[in-house]
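Structure at a glance
If you want the building blocks of each chain, they are given just below.
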Amino acid sequence: MNGFSLSRWFGIIGKEFIQLKRDRLTFGMIIGVPVMQLLLFGFAINADPKNLPAAVLSADNSPYARTFIRAMENSGYFRGVVQVAREDEAEELIAHGAVQFVVNIPENFSRLLVRGEQPQILVEADATDPSATNNAIGALQVLAATALARDLAGTLGAAPPSPAPIDLRVHRRYNPEGISAYNIVPGLLGTILTMTMILMTGLAVTRERERGTFENLLATPALPIEVLTGKIVPYIMIGLIQVGLIFLASQFVFNVPMKGNPAVLFFVVLIFIAANLTLGITFSSIARNQLQAMQMTFFFFLPSILLSGFMFPYRGMPEWAQWLASILPLTHFLVLVRGIMLKGNELPELWPQIWPILAFMLVVILLGLRFYKRTLD
Amino acid sequence: MNAGTEFAIDVRGLNKHFGPKHVVRDFSLQVRAGEIYGFLGPNGSGKTTSIRMICGLLTPDPGSGSGTCLGYDVLRETAAIKREVGYMTQRFSLWEDLTIRENLNFVARMYGMKHRREAVDGALERLGLQSRANQLSGALSGGWKQRLSLAACLLHQPRLLLLDEPTAGVDPKARRDFWEEIHALAADGLSVLVSTHYMDEAERCHRLAYIAYGKLLATGTAAEVVSSQKLHTYAITGPNLAPLSTALRALPGVGQVTPFGNTLHVTGQDDSLLRAALAACTSDAAYRVEPIESTLEDVFISLMAGATDNFVEQ
Ligand SMILES: Nc1ncnc2c1ncn2[C@@H]1O[C@H](COP(=O)(O)OP(=O)(O)O)[C@@H](O)[C@H]1O
Ligand SMILES: [Mg+2]
């Protein structure tokens, strides 16, 4: 007589759907947030930034060096190449972000060049935004091979020197891993899901509490498990819509490869969505009002973004931070999605990242049921 | 239901603290089956808290008191109680972003009703709301919200109704209709516990309980409550009643002095002291002083004043 009732459960799901449908703002946010973030992040990543500020620290004032600098400007990737005289000056420019590159041309550049001894040019790149610098660095590599070909042809005769006349060394600063767009679009999938799933469900029970409708719900025979899970289901569907949008964009707009099995990806996404929803519902039954639920969401969201490997490379963090990060579902999800999309991993290889998410979910739902108040105390 | 239970509600010695605040003290209440029981008291006196304890929405302090509701234990059998009680909250607590029909339908589902469609249609028809069934309930006026709430908590055919200030903010005509419906329901055997502030509503109840600052001060029929307080009341008519009431209040034996239009009701518990005070102030022949029956209102005002005094002493 007191068991789980499917009819009641469907009643709660149905009610949640109707309310969602009527709450235009929330509904708009659920669809709008991923689209907007994709446009903002995705295109920022995918763009081929040109006209980047650069400085040249040249100890050699030969025509060769000048040709190289002019060629940099002509490539379109570099703008207003400034000449600096001292190393600390160059350091300050790059540290403050006034320039994105410092090109160091050594003292004996032209002498070595003429002798065919491959003088070294050191390029320091501010790689905090790696996507902004990668193409420009590529362009520099080409320049190193070709820019001086004509000048040298006169000096050294017809035979173009091979290998390249210049040994170009790139020093990526601030972000040695140089995360690429391929890494970021799947990462966005995880962060957007974390954000919207936890927030939306976090508000679900607290909203009822604030509006006083919770008292009515409590006065009925509805069971906590029916209320909690009934409120989750509509958001699973919403999460899937978000995933669909992001996945389509990743394929057709950003051309991220999809090496793995879409069914495996779907399965993993479902687990991840469920984990976030249980956390949201649990927040919702612990928090006293919507503001608290919101604060809890952000309290969880920030470490997820910062520690999961979305922002900073996971392996670059100290051990305690890695340990903390390994609790967060997003950390595992990022590895899973990158593994499936970029490496074509299958379930057996993925399992070590799947079970921690399941374990997280189990603990959280137990907490949620423990804190769900059957009374108004 | 246990055989031979004559009480719809029978609780004894319930207490409730919120933090250090002792909100309900030793609360005992017996409501007979088929009875309309009025529950009165000033704001914040613990009416809502008591009702919530009866229907299992609040747990009474552990180790204090016990009781039954419809024969079920109020501490342990709250699930069974919820199935058979209709509870109308003080504040409108249906979903404002659902339509009238959706609200009724949802409530019917929560109670696992078999013939949901018929029940909802029937309720809409009784309400006279078929034509507006698809309106959002948040758009309804106070009186309609109240009727909708009542319909929603009657949907599953409960045996006991708990109504928490159901007529607050509702116009007199709607209040009258509401009470007619309550009496009709009680005549069909439904038991009703209703909290209210209105004296006329108190007089429509079969029996009453008066609570102030968490303490039950009086219970019984209206007549019993009045006579139990052994209050003496005099009505004074004449000129300049305002200065007279100030003078009277200063004298011993005078409990309450309350103006009612052109008369002044003076109450007190010690008749001889009260008469002496009246004699001292109304020697002027322009004043007419006559003993009258104490009304429920006189009694409640006196009870409330007494309770405030107790509260201050603590
Ligand atoms: N959930 C709660 N937490 C803390 N205090 C409460 C809570 N509910 C009610 N109270 C306090 O208990 C007292 C009685 O409240 P209530 O039962 O609502 O009175 P009434 O319904 O008679 O106006 C009030 O002082 C109120 O502030
Ligand atoms: Mg109240």
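Everything below is about the structure printed above this text.
Residues numbered from 1 in each chain as written. Chains lettered and ligands numbered in written order. Predicted model: local features only at pLDDT ≥ 70, side-chain atom pairs only at ≥ 80, totals over all residues. Heavy atoms only, no water.

1. Concerning the coordination of the magnesium ion (ligand 2)
Distances from the magnesium ion (ligand 2) to its protein donors, namely Thr-48 of chain B (OG1) and Gln-90 of chain B (OE1), fall within the range 1.9 to 2.2 Å. On the criterion of sequence distance, the pair formed by Thr-48 of chain B in helix 1 (residues 47-54) and Gln-90 of chain B in the loop between strand 6 (85-88) and helix 3 (100-110) is long-range, its members being 42 residues apart. (Donors = N, O, S within 2.8 Å, 3.2 Å for Na, K, Ca; no water. Helix = DSSP H or I, 4+ residues; strand = E, 2+ residues; numbered from the N terminus.)

2. Some details on the packing of aromatic side chains
Per the counting criterion, the structure on display carries 9 aromatic pairs over all chains. A centroid spacing of 5.5 Å and a plane angle of 55° characterise the contact between Trp-9 of chain A and Phe-10 of chain A, whose relative ring orientation is tilted. Under the relative-accessibility criterion, Trp-9 of chain A is labelled buried at 18%. Here the aromatic rings of Trp-95 of chain B and Phe-106 of chain B are separated by 5.0 Å at their centres, their planes lie at 80°, and the arrangement is edge-to-face. Taken as a pair, Trp-95 of chain B in the loop between strand 6 and helix 3 and Phe-106 of chain B in helix 3 lie far apart in primary sequence, 11 residues in all. Note on Trp-95 of chain B: relative accessible area 3%, which makes it buried. You can call Phe-106 of chain B buried: its relative accessible area is 4%. The ring of Phe-106 of chain B has Lys-15 of chain A lying over it, and the distance from NZ or CZ to the ring centre is 5.4 Å. Over the aromatic face of Trp-144 of chain B sits the side chain of Arg-132 of chain B, whose NZ or CZ is 5.4 Å from the ring centroid. (Phe/Tyr/Trp six-rings, centres within 6.5 Å; stacked < 30°, edge-to-face > 60°. Buried < 20%, exposed > 50% of the residue type's maximum accessible area, 1.4 Å probe, protein only. Lys NZ or Arg CZ within 6 Å of the ring centre and 35° of its normal.)

3. Thoughts on empty space enclosed by the protein
Per the counting criterion, the structure on display carries 3 cavities of 30 Å³ or more. Computed from the structure, the largest cavity encloses a volume of approximately 140 Å³. Of all the secondary-structure elements, those providing two or more residues to the lining of the largest cavity are helix 9 (213-219) of chain A together with strand 6 and helix 5 (142-154) of chain B. Each residue belonging to the lining of the largest cavity can be placed in one class, and the counts come to 8 nonpolar, 7 polar and no charged. (1 Å grid on protein atoms, 1.4 Å probe; cavity = no way out; pocket = protein on both sides within 12 Å on 5 of 7 lines; lining within 4 Å. Points joined across faces, edges and corners; volume = space filled by probe spheres on them. Nonpolar A, V, L, I, M, F, W, Y, C, P; charged D, E, K, R; others polar.)

4. Regarding the site of ligand 1
Residue and element names in this part refer to chain B. In the vicinity of ligand 1, the contacting residues are Phe-18, Lys-21, Val-23, Pro-42, Asn-43, Gly-44, Ser-45, Gly-46, Lys-47, Thr-48 and Thr-49. One nitrogen or oxygen atom from the main chain of Gly-44 is found 2.7 Å from an oxygen atom belonging to ligand 1. Contact distances for ligand 1 include 2.5 Å between an oxygen atom and a side-chain N or O atom of Thr-49. For ligand 1, whose unbound accessible area comes to 560 Å², protein coverage reaches 65%. When contributions to the shell around ligand 1 are tallied by element, the ones reaching two or more residues are strand 2 (21-32) and helix 1. Among the elements that take part in the shell around ligand 1, helix 1 stands out by supplying 3 residues, more than any other. Along the lines of polarity and charge, the residues of the shell around ligand 1 split into 3 nonpolar, 6 polar and 2 charged. (Near = heavy atom within 4 Å. Polar contact = N/O pair within 3.5 Å; in protein donor to acceptor, adjacent residues only side chain to side chain. Areas by Shrake-Rupley, 256 points an atom, 1.4 Å probe, with all protein chains shown as cover.)

5. What to know about the interface of chain A and chain B
Across the boundary between the two partners, chain A contributes 28 residues, which contact 25 residues of chain B. Roughly 2,500 Å² of surface becomes buried between chain A and chain B when both sides are summed, with 55% attributable to carbon and sulfur atoms. For the pair chain A and chain B, the interface holds 3 salt bridges. For Glu-102 of chain B, the salt bridge identified is with Arg-22 of chain A, shortest N-O distance 2.9 Å. In this assembly, chain A and chain B are joined by 13 residue pairs in polar contact (both at pLDDT 80 or more). For the side of chain A that touches chain B, the leading source of residues is helix 1 (residues 6-22) of chain A, giving 9 residues. Among the residues making up the side of chain A that touches chain B, the classes are represented as 10 nonpolar, 9 polar and 9 charged. (Contact = heavy atoms within 4.5 Å. Buried area = accessible area lost by both parts, 1.4 Å probe. Salt bridge = Lys/Arg side-chain N within 4 Å of Asp/Glu carboxyl O.)

6. What to know about the sheet that holds strand 1 (residues 7-18) of chain B
Pairing between the strands of a sheet comes from backbone hydrogen bonds, and it takes one of two forms, parallel or antiparallel. Residue and element names in this part refer to chain B. Spatially, 4 strands are ordered 2-1-4-5 in an open sheet, and the strand pairing comes out antiparallel. Edge positions in the open sheet fall to strand 2 and strand 5 (72-73), since each of these has one partner strand only. In the sheet, strand 1 pairs with strand 2 via 8 bridges, with the strands oriented antiparallel. Residue pairing in the sheet places Lys-16 in a bridge with Val-24 of strand 2. On the sheet, helix 1 packs against strand 1, strand 2 and strand 4 (66-69) and is oriented at approximately 60° with respect to strand 2. (Pairing = 2+ DSSP bridges. Axes fitted to C-alpha atoms, helices over the stretch in contact; angles between N-to-C directions.)

7. Quick notes on a nonpolar patch on the surface
Residues and elements named next belong to chain A. On the surface, a nonpolar cluster with roughly 430 Å² of combined accessible area is contributed by Phe-4, Leu-6, Phe-10, Ile-225 and Leu-369. The residue Phe-4 is located in the segment before helix 1 in this model. Its relative accessible area of 42% is what places Phe-4 among the partly exposed residues. (Patch = residues over 30% accessible without salt bridge, like charges linked within 9 Å, V, L, I, M, F, W, Y side chains within 5 Å.)

8. Observations regarding the packing of helix 14 (residues 329-343) of chain A against helix 15 (residues 347-371) of chain A
Residues and elements named next belong to chain A. Put simply, helix 14 and helix 15 touch, their axes get as near as 9 Å, and they point 150° apart. As far as their axial angle goes, helix 15 and helix 14 are roughly antiparallel. Crossing handedness for the pair helix 14 and helix 15: left-handed. The residues of helix 15 that touch helix 14, namely those facing Pro-329, His-332, Phe-333, Val-335, Leu-336 and Ile-340, are Leu-350, Gln-353, Ile-354, Pro-356, Ile-357 and Phe-360. (Parallel < 35°, antiparallel > 145°, perpendicular 65-115°, else oblique. Left-handed = near helix turned anticlockwise from the far one by under 90°.)

9. Notes on helix 3 (residues 63-74) of chain A
With 12 residues, helix 3 of chain A ought to run about 16 Å at 1.5 Å a step, and its terminal C-alpha atoms sit 16 Å apart, in line with that. One or two residues past the end of helix 3 of chain A sits Gly-76 of chain A, with phi positive at roughly 90°. (Expected span 1.5 Å × (residues − 1).)

The analysis is restricted to geometry; functional conclusions fall outside its scope.
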